[in-house]
Structure formats: structure tokens, C-alpha cells
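Chain residues, written in single-letter form:
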Amino acid sequence: MTLFALFLALPIGYAVYLSLRTVKVSGLGLGAGARQEVWAGFANYSRALGDPEFLASVGRVGLYGLVLVPTMLGLALLFALLLDAKRTGLKGFSRVSIFLPYAVPAVIASLLWGFLYLPRVSPFEYLAESLGLPTADVLSSDVILFAIANIGLWGGVGFNMIVIYTALKAIPTDLYEAARLDGATERGIAWRIKIPIVAPSLILTFLFSMIATLQVFAEPTTLRPLTNTISTTWSPLMKVYRDAFTRDDIYSAAATSVVIALATFVLSFGFLRLVQRRAFAQENG
């Protein structure tokens, strides 16, 4: 409780306090007492919600989530089902290989992929030119969103796969044997038994992925020096960082942070309420 209060509750409370304050400048803003912190009410929230840059960043992150989350969870489910299949070999090696990218920090992964994206140093670009194949600028404005999503996909599939695979290993094998006696194929067992039973794990991984999507920061920030197609407000958290540490407007940054936190809570709580009956059907049964 002490750690929770010191490192979570107090910072949140202080951010809310700052979001309700602002600086009043008198005259030229020079001398003692020329800049005073005063009560601002909800003015910072009104300005944040009406900021075109913030709304544009929300739209980009929404599109980013639509690209990333379904693809990531689909691949995680596919890999988990393949690893759980009886005929799959080298399960230990495959499981570690798929999970290993998750252990790489987001900044390091972004740097690695950034060099792979750069046309002058990318081995993919060199290979394509050697074979006479067409090349594309992955860091261009048209596909930069997919380039960033690819980094999140590369790092996130392994974690979600482990969660789903663990749920699959908890299913009693008697169910599979009974299904095979009834003539069910391996594909039918996966579709009619495995996927419905691990649905709560899929819901959990979707929730985690949605929250991580709303908080995307490291990938676009790390790639930004490599291209001019990523602005300082590409994502909502990048805008918070710019306002707080570049423009020195901590009050507006605090208000935007609170808005992001509330949006994350509302979306997460609303999603859980929507799927609560399906998610906890087994526990209530």
C-alpha cells in the first residue's frame, strides 16, 4: 500500500492538480512575482480536447490499433495452436524463438528495425536491388504507420502467444480424446474446443494490447530522427512529452495525460463490461 501510494496514487493526484492550474503572466513576465500559478479550472481540458494536433494523434493511434491488434492476436493464436498440436516438432525451440522478441526493449527493437528500414543501410533494400525487384521507402508518409505497427507486432506476438498457449495446456486431454472418438479432425478440435475454451485468455490479451496501443510512444519517438514523416505529436503521449519538456507547459500536458488515462479506463472498463458474461462464463458455471 505504501508503494502504491508513493509511486502511483500521489503522481496521479499531482497530475490532476497540475491539470487544474495555469500560469498567469504579468507585464513582460520578468521580475519576482511576474509569473504566478493560479487556478484554471477545466480550461486546460477544454483546450486539450479542442486541440487539432491532439485529435489528429488520436486518429492515428486508432488506425494504428486497427492494424496492429487484430494481426497480433491472430498470429499469437495461430502460433499457440500450432505449438499445441500433436505433430509439431521442436516445440521448445519454437516457443522460445517466438517469445524472444518480447524480451527486447521497445527502444532497442525500434533502433534495429529503423536501420532495416533505412534505404542506404537496409539489407532488404540491397537484396531487392541485386535481384532487380522494386523497392519502397518504408519510412514514407504512406506506410510509416505500418512500419511502426510492424515493430509492435514483432515484439508483442510472443507475449500473447505465451498467454494463450498456457491456457491451451490447461485444457484436459480427455476432451480431445472424446472428440477424436467422435470423428473430429485436428482442425475441428481447434475450432470447436480449443478456441472457445481459451476465449477468456483472448479477451485478456486483447485488453492488454488495447491499453498498450493507446500508450504507444517508444517506437515513433525512436524512429523520428530517421525520417521527417513522424511529427512530435504523432501519438497522444508524444504530444504530452512535447508540451511538458519542449514547450515547458506542464499544465496542458497534465490535462492531456488525465484525458488519456480516463479514455484508457473507460475503453477498458466498457470492453470488460461488454464481454463480461462470455469472459467469466466458466467461472460462474
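Caption draft 1: Expanded view of the packing of helix α4 (residues 91–99) against helix α7 (residues 144–169). The interhelical angle for the contact between α4 and α7, taken along N-to-C directions, is 135°, at an axis separation of 7 Å. As summarised for this structure, α4 and α7 are arranged oblique, according to the angle between their axes. Note on element contacts: α7 touches α4 through V157, G158, F159, M161, I162 and Y165, opposite R95, I98 and F99. Its residues assigned to classes, the contact of α4 with α7 comprises seven nonpolar, one polar and one charged.

Caption draft 2: Looking closely at the pattern of salt bridges. A complete count under the given rule lists nine salt bridges for this structure. Across the pair R47 and D249 runs a salt bridge, and its minimum N-O distance is 3.5 Å. Of this pair, R47 sits in helix α2 (residues 43–49) while D249 sits in the loop between α12 (236–245) and α13 (250–279); the two residues are 202 residues apart in sequence, bridging distant segments of the chain. The class for R47 is partly exposed, based on a relative accessible area of 46%. Owing to a relative accessible area of 24%, D249 belongs among the partly exposed residues under this scheme. The closest approach of N and O atoms between D84 and K169, which form a salt bridge, is 3.9 Å. In this pair, D84 is assigned in helix α3 (residues 52–84) and K169 in helix α7, connecting sequence segments 85 residues apart.

Caption draft 3: Broad picture of the packing of α7 against helix α10 (residues 199–214). Closest axis-to-axis distance for the α7/α10 pair is 9 Å, and the angle between their directions is 165°. It follows that α7 is roughly antiparallel to α10 by the angle criterion. Crossing of α7 against α10: the hand is right-handed. Packed against α7, whose contacting residues are F159, N160, V163, I164 and A167, the element α10 presents S201, L202, T205, F208 and S209 at the interface. When grouped by side-chain class, the residues that make up the contact of α7 with α10 number six nonpolar, four polar and no charged.

Caption draft 4: Representation of the nonpolar core in the model. Counting 39 residues, the largest nonpolar core has Y64, Y117, I148, I164, L168, I230 and W234 as its most contacted members. Going through the elements one at a time, α3, α5 (106–117), α7, α8 (173–181) and α9 (186–197) are the ones with two or more residues in this core. It is α7 that contributes the most residues to this core, 13 residues altogether. Core analysis: the second largest hydrophobic core is formed by ten residues, V240, A253, A255 and V258 among them.

Caption draft 5: Region of the structure containing a nonpolar patch on the surface. Together, V107, I108, L111, L112, F115 and V121 give the surface a local cluster of nonpolar side chains, amounting to about 530 Å² of exposed area. If you trace the backbone, F115 turns up in helix α5.

Caption draft 6: Representation of the environment of F79 in the model. In this structure, F79 sits in helix α3. With 83 residues separating them in the primary sequence, F79 and I162 have C-alpha atoms 9.4 Å apart. Setting aside its immediate chain neighbours within four residues, F79 contacts I98, V157 and M161.

Caption draft 7: A look at the side chain of S110. Within the secondary structure, S110 sits in helix α5. Look at S110 and you get buried, because its relative accessible area is 1%. One polar contact links the side chain of S110 to the main-chain carbonyl oxygen of A106, over a distance of 2.7 Å. Ignoring anything within four residues of it in the chain, the contact list for S110 reads I151, A218, E219, T222 and L223.

Caption draft 8: Region of the structure containing the packing of aromatic side chains. The tally for this structure, following the rule as stated, stands at twelve aromatic pairs. On the numbers, 5.9 Å between centres and 15° between planes, the contact of F265 with F269 is stacked. Separated by four residues within a single helix, F265 and F269 lie in helix α13, roughly one turn from each other. Owing to a relative accessible area of 55%, F265 belongs among the exposed residues under this scheme. Judged by its relative accessible area of 48%, F269 falls in the partly exposed class. Aromatic rings pair up to connect F99, Y102, F159 and F208 into one cluster.

Caption draft 9: Quick peek at the environment of F42. With respect to the element layout, F42 can be found in the loop between β2 (35–39) and α2. Note: C-alpha distance between F42 and R21 (21 residues apart in sequence) is 8.8 Å.

Caption draft 10: Quick peek at α3. Counted at 1.5 Å a residue, the expected span for α3 with its 33 residues is 48 Å, and the 48 Å between its end C-alpha atoms agrees. Looking at where α3 begins, the residue whose side-chain oxygen comes 3.0 Å from the main-chain nitrogen of E53 is D51.

Caption draft 11: Representation of the side chain of S57. Relative to the elements of secondary structure, S57 occurs in helix α3. Residue classification places S57 among the buried positions, given a relative accessible area of 0%. Beyond its immediate chain neighbours, meaning those up to four positions away, S57 contacts T233, W234, S235 and P236.

About the criteria used
Residues numbered from 1 in each chain as written. Predicted model: local features only at pLDDT ≥ 70, side-chain atom pairs only at ≥ 80, totals over all residues. Heavy atoms only, no water. Axes fitted to C-alpha atoms, helices over the stretch in contact; angles between N-to-C directions. Helix = DSSP H or I, 4+ residues; strand = E, 2+ residues; numbered from the N terminus. Parallel < 35°, antiparallel > 145°, perpendicular 65-115°, else oblique. Contact = heavy atoms within 4.5 Å. Nonpolar A, V, L, I, M, F, W, Y, C, P; charged D, E, K, R; others polar. Salt bridge = Lys/Arg side-chain N within 4 Å of Asp/Glu carboxyl O. Buried < 20%, exposed > 50% of the residue type's maximum accessible area, 1.4 Å probe, protein only. Left-handed = near helix turned anticlockwise from the far one by under 90°. Core = buried A, V, L, I, M, F, W, Y, C linked by side-chain atoms within 4.5 Å. Patch = residues over 30% accessible without salt bridge, like charges linked within 9 Å, V, L, I, M, F, W, Y side chains within 5 Å. Areas by Shrake-Rupley, 256 points an atom, 1.4 Å probe, with all protein chains shown as cover. Polar contact = N/O pair within 3.5 Å; in protein donor to acceptor, adjacent residues only side chain to side chain. Phe/Tyr/Trp six-rings, centres within 6.5 Å; stacked < 30°, edge-to-face > 60°. Expected span 1.5 Å × (residues − 1).

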